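Chain and residue survey
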Amino acid sequence: MYDIRDELGNVIDSRPTFDEAEQRIEEICAQATEQAAASGEGTRGMNLRWTIYDTRAGEVVGFMVLSPDDSGQPYTPISQAAAEREEHQA
């Protein structure tokens, strides 16, 4: 099992596989970006951090840090952004 934990170490979700936990963090990042845009409040300097914790191994196996964009631009998942960078470099 893979726990998704916030900056304080609180478990906010659990998923059976790493890929599912990673996907859930992408969803959380998209929600945080939407909330930042909707609030209209500046998020400059704000960093949000989540970790993926493998409960069987007893260790952190991944993390995500996000500085929410309040400009109204939708969140771009890491996998999509990486693919776009590769296309531009080719």
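Everything discussed here concerns the structure shown above.
We now turn to the structure provided with this report. (Residues numbered from 1 in each chain as written. Predicted model: local features only at pLDDT ≥ 70, side-chain atom pairs only at ≥ 80, totals over all residues. Heavy atoms only, no water.)

**Considerations on the side chain of Asp-54**
Within the fold, Asp-54 resides in strand S3 (residues 48-54). Notably, Asp-54 is buried but unbridged: the nearest opposite-charge side chain belongs to Arg-56, and the N-O separation is 4.2 Å. What Asp-54 contacts, discounting residues up to four positions off in sequence, is Met-1, Tyr-2, Glu-59 and Val-61. (Helix = DSSP H or I, 4+ residues; strand = E, 2+ residues; numbered from the N terminus. Buried < 20%, exposed > 50% of the residue type's maximum accessible area, 1.4 Å probe, protein only. Lys, Arg positive; Asp, Glu negative; His and termini not counted. Salt bridge = Lys/Arg side-chain N within 4 Å of Asp/Glu carboxyl O. Contact = heavy atoms within 4.5 Å.)

**Some points on the nonpolar core**
By size, the foremost hydrophobic cluster in this structure holds 12 residues: Tyr-2, Ile-4, Ala-21, Ile-25, Ile-28, Cys-29, Ala-32, Trp-50, Ile-52, Met-64, Leu-66 and Tyr-75. Broken down by secondary-structure element, the contributors of at least two residues to this core are strand S1 (2-5), helix H1 (18-39), S3 and strand S4 (59-66). Here this core gets 5 residues from one element, more than from any other, and that element is H1. Contact partners of Met-64, with chain neighbours within four places excluded, come to Ile-25, Glu-26, Cys-29, Leu-48, Arg-49, Trp-50, Tyr-75 and Ile-78. (Core = buried A, V, L, I, M, F, W, Y, C linked by side-chain atoms within 4.5 Å.)

**Thoughts on the pairing of S1**
Across 4 bridges, the pairing between S1 and strand S2 (residues 11-15) is antiparallel. In the sheet register, Arg-5 faces S2, and the bridge partner there is Val-11. Between S1 and S2, which pair antiparallel one after the other, the connecting turn spans 5 residues, and Gly-9 there sits at a positive phi close to 90 degrees. (Pairing = 2+ DSSP bridges.)

**Observations regarding the environment of Arg-15**
Within the fold, Arg-15 resides in strand S2. Taking relative accessible area as the criterion, Arg-15 reaches 25% and is therefore assigned partly exposed. A C-alpha to C-alpha distance of 6.5 Å links Arg-15 and Asp-3, two positions 12 residues apart in sequence. Beyond its immediate stretch of four places on either side in the chain, Arg-15 contacts Met-1, Tyr-2, Ile-4, Glu-20, Ala-21 and Arg-24.

**What to know about the packing of aromatic side chains**
Taken as a whole and judged by the stated rule, the model has 1 aromatic pair. When the centroid spacing of 6.2 Å and the interplanar angle of 75 degrees are considered together, the rings of Tyr-2 and Phe-18 count as edge-to-face. Here Phe-18 lies in helix H1 and Tyr-2 lies in strand S1, a separation of 16 residues in the sequence. Given a relative accessible area of 14%, Tyr-2 falls into the buried group. Owing to a relative accessible area of 27%, Phe-18 belongs among the partly exposed residues under this scheme. The side chain of Arg-5 reaches across the aromatic face of Tyr-53, ending 3.9 Å from its centre. If you follow Arg-49 out to its NZ or CZ, it ends over the ring of Phe-63, 4.5 Å from the centre. (Phe/Tyr/Trp six-rings, centres within 6.5 Å; stacked < 30°, edge-to-face > 60°. Lys NZ or Arg CZ within 6 Å of the ring centre and 35° of its normal.)

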